[in-house]
Amino acid sequence: EVLWRLLRRLGVPEADVDDAVQEVIWVLARKLDQVKVGSERSFVLSAGCRVASTLRRTQRRRRETYDVELETFAGSNDDPEHLLEQRRARALLEQVLLRLPLDVRCVFVLYELERFTLSEIATTLEIAQGTVASRLRRARALFEDEIAALEKGSAPHPRRGRAPAATKGGAS
């Protein structure tokens, strides 16, 4: 379930998520002898980040589209206004997440949406905890910039590498 949500939040269309999960499992099966005991979860989630990146590149080349929101809207008994508001919020979140560079997006999704701790993310992605904290600060700054730009009706340059603003406590 965590892998499925991670892939979805990293921009894999819902129609392709099951295939992406199978791809991650295939990668795990091929490299199982290289995975350290106890780090299986880390391997699977980091492989998920790479598979999502590959699938998104492939998706850009496809011409077909799939409207999951329309299917969800048609099959629901909830208030239409509430469903429309949820759909807009989900689309906005997805739009903003897709504008973040993949390395910071993975950290952001794992921390803010999946509620992993910094040390769990460091272990999962096999990077230093300081790198996780730095990427999270950068992701938050970029996320806020993207939201502000969308509220103003403009779109900042996609994937720009803005350095995080200085904090009151000094450099971290």
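What comes next concerns the included structure. In this text, all values refer to a predicted model and were calculated from it rather than measured experimentally.

### Things to note about the overall build of the protein chain
Counting its secondary structure elements, the protein chain contains eight helices and zero strands. The buried share among the 172 residues of the protein chain stands at 34%. Counting only contacts in the protein chain whose residues sit at least 6 apart along the sequence, the fraction spanning at least 24 positions is 61%. Carbon and sulfur atoms provide 51% of the accessible area of the protein chain, an area that totals close to 10900 Å².

### What about the environment of E40?
Tracing the backbone shows E40 in helix α3 (residues 40-61). E40 sits twelve residues away from L28 along the chain, and the two C-alpha atoms are 8.5 Å apart.

### A look at the packing of helix α6 (residues 102-113) against helix α8 (residues 129-152)
The axes of two packed helices give the description: the angle between them and the distance between them. Relative to each other, α6 and α8 sit at 90°, their axes nearing to 8 Å. With respect to α8, the axis of α6 lies roughly perpendicular. Together, D103, V104, V107, F108, Y111 and E112 of α6 and V132, R135, L136, R138, A139, R140, L142 and F143 of α8 make up the contact between the two elements. Along the lines of polarity and charge, the residues of the contact of α6 with α8 split into nine nonpolar, no polar and five charged.

### What to know about the packing of aromatic side chains
If you walk through the whole model with that rule in mind, you get one aromatic pair. Between the aromatic rings of F108 and F143, the centroid separation amounts to 4.8 Å while the plane-to-plane angle is 25°, which identifies the pairing as stacked. Residue F108 is found in helix α6, and its partner F143 is found in helix α8; the two are separated by 35 residues along the sequence.

### Some details on helix α7 (residues 118-125)
What α7 keeps buried is the set I121, A122, T124 and L125. One face of α7 carries all of its buried residues, which in axial projection span an arc of 165°. Positive phi shows up at E126, right after α7, with a value of about 55°.

### Observations concerning unusual backbone geometry
If you check the backbone angles, R115 has positive phi at about 65° while not being a glycine. A relative accessible area of 62% places R115 in the exposed class. With a phi angle near 55°, E126 is a residue other than glycine that sits in the positive phi range. Residue E126 is classed as exposed on the basis of its relative accessible area, which comes to 58%.

### Focus: the pattern of salt bridges
Enumeration according to the criterion identifies seven salt bridges in this entry. Across the pair E112 and R140 runs a salt bridge, and its minimum N-O distance is 2.7 Å. Here the residue E112 occupies a position in helix α6, and R140 occupies one in helix α8, the gap between them amounting to 28 residues. A relative accessible area of 21% places E112 in the partly exposed class. Ionic contacts of the salt-bridge type, sharing partners, join the residues E1, R5, R9 and E114 into one network.

### A word on helix α5 (residues 80-99)
Relative to the 28 Å expected for 20 residues at 1.5 Å per residue, α5 spans 29 Å between its end C-alpha atoms, a close match to the ideal helical length. Within the sequence span of α5, burial applies to L83, V96, L97 and R99.

### A closer look at the side chain of S42
Position of S42 among the secondary structure elements: in helix α3. For S42, a relative accessible area of 4% gives the class buried. Here T124 takes part through its backbone nitrogen, which lies 3.3 Å from a polar atom of the side chain of S42. Non-local contacts of S42, meaning those with residues more than four positions away in its chain, are made with T123 and T124.

Conventions adopted
- Residues numbered from 1 in each chain as written.
- Predicted model: local features only at pLDDT ≥ 70, side-chain atom pairs only at ≥ 80, totals over all residues.
- Heavy atoms only, no water.
- Helix = DSSP H or I, 4+ residues; strand = E, 2+ residues; numbered from the N terminus.
- Buried < 20%, exposed > 50% of the residue type's maximum accessible area, 1.4 Å probe, protein only.
- Contact = heavy atoms within 4.5 Å.
- Areas by Shrake-Rupley, 256 points an atom, 1.4 Å probe, with all protein chains shown as cover.
- Axes fitted to C-alpha atoms, helices over the stretch in contact; angles between N-to-C directions.
- Parallel < 35°, antiparallel > 145°, perpendicular 65-115°, else oblique.
- Nonpolar A, V, L, I, M, F, W, Y, C, P; charged D, E, K, R; others polar.
- Phe/Tyr/Trp six-rings, centres within 6.5 Å; stacked < 30°, edge-to-face > 60°.
- Arc of directions from axis to C-beta.
- Salt bridge = Lys/Arg side-chain N within 4 Å of Asp/Glu carboxyl O.
- Expected span 1.5 Å × (residues − 1).
- Polar contact = N/O pair within 3.5 Å; in protein donor to acceptor, adjacent residues only side chain to side chain.

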